[in-house]
Amino acid sequence: METLDTIGKRIKHLRKEKKLTQKQLGKLLGVSDVSVLKWENDSNTPKLENILEIASVLETTSNFLLYGKYEVENSVEDFRPITRLLPVLTHVQAGNWTNVQSISKFDVNQWLPAPPNAGKNSFYMIVKGTSNYPEFNDGDYICVDPDIIIDYVQTGEMVVVQCDGDATFKALVKDNNRMYLQALNKNYQPNIIQLNENCIYKGKYVGKFETSRKFL
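Per chain, the residues get numbers from 1 upward, laid out in the order the sequence is written. Thresholds applied to this predicted model are a pLDDT of at least 70 for local features of residues and 80 or more for the giving and counting of side-chain atom pairs; totals over whole chains, interfaces and linings are not thresholded and use all residues. Only hydrogens and water are removed before side-chain values are computed, so all heavy atoms of the structure are retained for them.

1. With respect to unusual backbone geometry
Part 1 of the argument: The omega angle of the peptide bond from Y133 to P134 is 5°, so this bond is cis rather than trans.
Part 2 of the argument: Each helix is a run of H or I in the DSSP string that is no shorter than four residues. Each strand is a run of E no shorter than two, and both are numbered from the N terminus. Relative to the elements of secondary structure, P134 occurs in the loop between β3 (123–126) and β4 (141–145).
Part 3 of the argument: The omega torsion of the bond from Q189 to P190 falls at 0°, within 30 degrees of zero and hence cis.
Part 4 of the argument: Residue placement: P190 occurs in the loop between β7 (178–182) and β8 (192–194).
Part 5 of the argument: Positive phi outside glycine occurs at K19, with the angle close to 60°.
Part 6 of the argument: Mapped onto the fold, K19 is located in the loop between α1 (7–17) and α2 (22–29).

Printed below as a string of structure tokens:
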């Protein structure tokens, strides 16, 4: 039996247990298959953020990947949780999303850490355009929970609605017995989108992933 005495050997062992190729694992992690190859032959060591993502995808712990053990033997215990990753979906994929089984994980090119209040079927979308500027900018990663039913969404909260096969992100307005969507950017036209029989509620906005940026 092969000894799992390096990070690379442990990654390779777990990958094969999952019946994943190096290319498939790389796609799930957002890296190249060459990166996975270098990790597995121990010519390159994954960064900490990669370790957390690998652990999540391979359903193990960062402690096992780093040390080959599931229990921490040091006097100081590491209480940091393993970050759960959520898929980043296109607007078309988001429109079709219902749960974690509705889209193959091999059709997802990017995964991001879940915000604290994300549900089990939550997903990320990338904001397109400036309809909700300045609260949301083009390129922002927004997290949506499809399990929060529309009855529990209040006026002014942000939702994703599928209209004609594409997903749109706007504020929900409940006005007496009717509902419609409104862009936060008052200069954006059309500012109001009426909900009709072609529109399907897909979920409520529950958080945003903040990417690093320059401040000077």
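Let us keep going from here.
2. Here's the deal with the packing of aromatic side chains
Part 1 of the argument: Classification of ring pairs uses Phe, Tyr and Trp, with its six-membered ring standing for Trp, and accepts pairs whose centres are within 6.5 Å; under 30 degrees between planes counts as stacked, over 60 as edge-to-face, and the remaining range as tilted. Scanning the model with the defined rule gives five aromatic pairs in all.
Part 2 of the argument: Residues Y124 and F209 carry aromatic rings whose centres are separated by 6.4 Å and whose planes lie at 80° to one another, so their mutual orientation is edge-to-face. Highlighted residues: Y124 in strand β3 and F209 in strand β9 (residues 199–209), separated in sequence by 85 residues.
Part 3 of the argument: A 1.4 Å probe rolled over the protein chains alone gives each residue an accessible area, and that area as a share of the maximum for its type sets the label: buried under 20%, exposed over 50%, partly exposed in between. Under the relative-accessibility criterion, Y124 is labelled buried at 1%.
Part 4 of the argument: Overall, the relative accessible area of 25% leaves F209 in the partly exposed class.
Part 5 of the argument: The interplanar angle of 55° and the centroid separation of 5.8 Å between the aromatic rings of F169 and Y205 together place this pair among those described as tilted. In this pair, F169 sits in strand β6 (residues 166–175) while Y205 sits in strand β9, placing the two residues 36 residues apart along the sequence.
Part 6 of the argument: In this structure F169 comes out as buried when scored by relative accessible area, which is 7%.

3. Some remarks on the environment of C163
Part 1 of the argument: Considering the arrangement of structural elements, one finds C163 in strand β5 (residues 158–163).
Part 2 of the argument: For the pair C163 and I200, spaced 37 residues apart in the sequence, the C-alpha separation amounts to 6.5 Å.
Part 3 of the argument: Once residues lying within four places of it in the same chain are set aside, the contact partners of C163 are T168, N198 and C199. Note on contacts: a residue pair is in contact if any heavy atoms of the two residues lie within 4.5 Å.

4. Some remarks on α2
Part 1 of the argument: Those residues of α2 that fall on the buried side of the exposure criterion are L25, G26, L28 and L29. The buried side chains of α2 occupy one side of the element, clustering within an arc of 160° when seen end-on.
Part 2 of the argument: Taken together, the buried residues of α2 touch α1, α3 (33–40), α4 (48–57) and β2 (111–113). Our arc is simply the arc of the directions from the helix axis toward the C-beta atoms.

5. Comments concerning the sheet that holds β4
Part 1 of the argument: For two strands to pair, DSSP has to find at least two bridges joining them. Strand order across the open sheet formed by nine strands is β2-β1-β3-β4-β9-β5-β6-β7-β8, with mixed pairing between neighbours. The open sheet is flanked by β2 and β8, the only strands paired with a single partner. Geometrically, the sheet is characterised by an average inter-axis angle of 45° between neighbouring strands, direction not taken into account.
Part 2 of the argument: Summarising the sheet, β4 and β9 pair through five bridges and their orientation is antiparallel. When the sheet's bridge partners are listed, Y141 is paired in β9 with F209. All axes here are fitted lines through C-alpha atoms, helices being fitted over the stretch that makes contact, and every angle between N-to-C directions spans 0 to 180 degrees.

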